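Survey of secondary and tertiary structure
Spelled out from the first residue to the last, the chains are:
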Amino acid sequence: MARLRVAVNGFGTIGKRVADAVARQSDLELVGVAKTRPGYEARRAVARGYPLYVAGSGSPEKFAAAGLPVAGRLADLLGKVDVVVDATPEDVGRENRALYEAANVRAVYQGGEEADVAEASFNALGNYDAGRGKRSLRVVSCNTTGIARAAAVLLRWGVERWDVTLVRRAADPAETKRGPINGIVPTLEMPSHHGPDVRTIFPDLPIATTAVVVPTTLMHVHVNHVRLARPPATAADVVATLRSTPRFVVFAPGEGVEGTPQVMEVARDRAGEGGRRSADMMENVLWERGIRLDGRDLYFFQAIHQESIVVPENVDAIRAMFDLAPSKDASIAATDRSLGIAHG
Ligand code: NAD
């Protein structure tokens, strides 16, 4: 069967990971990636054998001067594909929308865009079927993806109220111009934008979100308190349910994983296993000892690796749009197998 032809526009933190993931799918073909600048990431695209196209205001002469062969401009790439994953910086996706529509190419946008950039917001565990047949989808942001996955699990017990404080990383590891580098900065907008954003997936979820930004580049951590309507008997039931759900990892007591430094060390140790990308943790990460059920009140912490958690969701978004998989579970399983994503 012919593979679906995919382009990735924007080859930064998210785009390069999505391109690697697309290249590993048996039903998808990565036709090319587009970049504005001939930097180290463009060099890597060429080294990986990905045809490179010049996007936006980029100049083919600058790529040539850097010794990087280009296959054309973004418009040329769009003429060869069925779908483009837009992984450009916040708000640039919206500017690109007219290009994609003019080229009659479907589009997957990222969470930095406002929700109305696409026909629907998407999370694989949360609302896979809502993505079926759509011409455009928006994969929600890293934090919203983490909350939406957890919601997909918790809703089986009924959620009466959910308060979560997001402890947000200040920057990605490669970002040298963001901060704070010292200090804790509360987000004074309440609720933070994450609550309304998760309701683009679960419109009736009674969730209230607050956030603080802290000087780390290693993951976000969510501190959760959920009032359940029909709680399970014990916290062990919650742990067992999470362990049997795709895209969740629950660290056991005694494993020595105290916080995000050890989580990312585990990710580095697992690089290459089953196709895992170096230092990526695409699962929601929880700690067994940090899951407590007190009557109807459930407390838990979860850590979210901002650079990689949305990567499998982009692959599933493409499958949903083109009805490439018989079910949500089949798409998630295929994606997870190809990327070495575990649960347990
Ligand atoms: P990034 O800055 O790391 O990468 C963006 C890339 O797009 C860069 O390579 C940049 O040179 C390129 N670019 C800039 N203008 C362009 C244009 N006009 N055409 C093509 N390419 C262009 O950004 P990122 O962190 O990968 O974020 C991309 C999107 O993913 C944003 O919507 C962001 O909100 C979202 N997102 C980011 C994270 C994260 O933590 N980094 C997590 C989830 C979602």
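For clarity, every value in this text was computed on a predicted model and none was experimentally measured. (Residues numbered from 1 in each chain as written. Predicted model: local features only at pLDDT ≥ 70, side-chain atom pairs only at ≥ 80, totals over all residues. Heavy atoms only, no water.)

A few points about the pairing of strand β6 (residues 106-109)
What counts, and what does not: Only protein chains enter the accessibility calculation, which uses a 1.4 Å probe. A residue is then buried if its area is under 20% of the maximum for its type, exposed if over 50%, and partly exposed in between. Helical segments are the DSSP runs of H or I of at least four residues, strand segments are the runs of E of at least two, and each set is numbered from the N terminus. Pairing between strands is defined by DSSP: at least two bridges between the two strands are required. The path from the first strand over the helix to the second decides the hand: if it runs clockwise while the strands point away from the viewer, the crossover is right-handed.
Burial along β6 is two-sided: Arg106 and Val108 facing one way and Ala107 and Tyr109 facing the other are all buried. In terms of strand pairing, strand β5 (residues 83-86) meets β6 through three bridges, oriented parallel. By the bridge assignment for β6, valine 85 is matched with valine 108. Traced from β5 through helix α5 (residues 92-102) to β6, the parallel crossover comes out right-handed.

Considerations on the sheet that holds strand β9 (residues 159-169)
For the record, the criterion: Between two residues, a contact is recorded if the distance between any of their heavy atoms is within 4.5 Å. Each axis is a line fitted through C-alpha atoms, and for a helix only the stretch in contact is used; angles between axes span 0 to 180 degrees, taken between their N-to-C directions.
With mixed pairing, seven strands are arranged side by side in an open sheet as β10-β11-β9-β12-β15-β14-β13. Among the strands making up the open sheet, the edge pair consists of β10 (185-186) and β13 (248-251). Pairing of β13 with strand β14 (residues 284-294), which is carried by four bridges, proceeds in the parallel orientation. Directly across from valine 249, in β14, lies its bridge partner valine 285. Sheet contacts for helix α9 (residues 235-243): β13, β14 and β15 (297-304); angle to β14, the most-contacted strand, approximately 160°.

Considerations on the side chain of arginine 169
Selection criterion: Whenever a nitrogen or oxygen atom comes within 3.5 Å of another N or O atom, the pair is scored as a polar contact, on the condition that within protein one atom can donate a hydrogen and the other can accept it, and that pairs from neighbouring residues in sequence are kept only if both atoms are in side chains.
Inspection of the secondary structure assignment puts arginine 169 in strand β9. Given the relative accessible area of 9%, arginine 169 is considered buried. Side-chain polar atoms of arginine 169 contact the backbone oxygen of alanine 171, separated by 3.5 Å. Once you skip the residues sitting within four places of it in the chain, arginine 169 turns out to touch Arg178, Val213, Val214, Thr216, Thr217, Met219, His220 and Gln306.

Describing a negative patch on the surface
This is how the line gets drawn: Patch construction takes residues with relative accessible area above 30% that form no salt bridge. Like charges are linked within 9 Å, and nonpolar side chains (Val, Leu, Ile, Met, Phe, Trp, Tyr) are linked within 5 Å. Per-residue and other accessible areas follow the Shrake-Rupley method at a 1.4 Å probe size, with only the shown protein chains counted as cover for residues. The salt bridge definition used is simple: a Lys or Arg side-chain nitrogen within 4 Å of an Asp or Glu carboxyl oxygen. Neither His nor the chain ends contribute to the count of charged residues, in which Lys and Arg are positive and Asp and Glu negative. Charge placement uses NZ in Lys and CZ in Arg. For Asp and Glu, CG and CD serve respectively.
Together, Glu90, Asp91, Glu95 and Glu114 give the surface a local cluster of negative charge. Mapped onto the elements, aspartate 91 comes out in the loop between β5 and α5. In this structure aspartate 91 comes out as partly exposed when scored by relative accessible area, which is 40%.

Remarks on empty space enclosed by the protein
Put simply, the test is: Cavities and pockets were defined on a 1 Å grid built from protein atoms only: a cavity is a group of points that admits a 1.4 Å probe but offers it no way out, a pocket is an open group of points flanked by protein on both sides within 12 Å along at least five of seven lines, and a lining residue is one with an atom within 4 Å of any such point. Grid points are joined across faces, edges and corners, and a volume is the space filled by probe spheres set on the points.
Tallied over the full model, the rule gives one cavity of 30 Å³ or more. By volume, the largest cavity is sized at about 50 Å³. As for the largest cavity, its lining consists of Ala150, Leu154, Val238, Leu242, Phe248, Leu286, Ile291, Leu298, Phe300 and Gln302. For the lining of the largest cavity, the secondary-structure elements that each account for two or more residues are α7 (142-154), α9, β14 and β15. No other element matches the three residues that β15 contributes to the lining of the largest cavity.

Describing the pattern of salt bridges
In this structure the tally under the stated criterion is 27 salt bridges. Arginine 94 is the partner of aspartate 116 in a salt bridge, and the nearest nitrogen-oxygen pair spans 2.3 Å. Of this pair, aspartate 116 sits in the loop between β6 and β7 (120-122) while arginine 94 sits in helix α5, placing them 22 residues apart in sequence. What makes arginine 94 partly exposed here is its relative accessible area of 29%. With a shortest N-O distance of 2.8 Å, glutamate 283 and arginine 276 are connected by a salt bridge. No difference in accessibility class separates glutamate 283 from arginine 276, as the two residues are buried. Beyond isolated ion pairs, a larger network of salt bridges with shared partners links Asp27, Arg149, Arg247, Glu313, Asp316, Arg319 and Asp336.

Quick look at the site of the ligand
Heads up, the condition is: When at least one non-hydrogen atom of a residue lies within 4 Å of a molecule or strand, that residue is treated as near it. Under the scheme applied, nonpolar residues are Ala, Val, Leu, Ile, Met, Phe, Trp, Tyr, Cys and Pro; charged residues are Asp, Glu, Lys and Arg; polar residues are all the others, including Gly. Residue ranges labeled as domains rest on an automatic or database domain assignment.
In the vicinity of the ligand lie 20 residues, with Thr13, Ile14, Lys35, Arg169 and Asp172 positioned nearest. Take arginine 169: an N or O atom from its side chain is 3.0 Å from an oxygen atom of the ligand. In this structure, an oxygen atom belonging to the ligand sits 3.5 Å away from a main-chain N or O atom of glutamine 306. Compared with its free state, where it exposes 820 Å², the ligand has 83% of that area covered by protein. Counted by class, the shell around the ligand contains seven nonpolar, nine polar and four charged residues. For the shell around the ligand, the domains that each give at least three residues are domain 1 (4-140 + 310-339) and domain 2 (142-304).

Structural notes on the nonpolar core
Counted only if it meets this: We call a set of buried residues a nonpolar core when its members are Ala, Val, Leu, Ile, Met, Phe, Trp, Tyr or Cys and they connect through side-chain atoms within 4.5 Å of each other.
Ranked by internal contacts, the top residues of the largest apolar core, which has 75 residues, are Val33, Trp162, Ile291, Leu298, Phe300 and Ile318. Examining the composition of this core, we find that seven residues originate from one element, α7, more than from any other. If you count residues domain by domain, this core takes at least three from each of domain 1 (4-140 + 310-339) and domain 2 (142-304). What isoleucine 318 contacts, discounting residues up to four positions off in sequence, is Leu4, Val6, Val22, Leu28, Val83, Val85 and Val108. Counting 16 residues, the second largest nonpolar core, distinct from the first, contains Val31, Tyr53, Leu74 and Tyr100.

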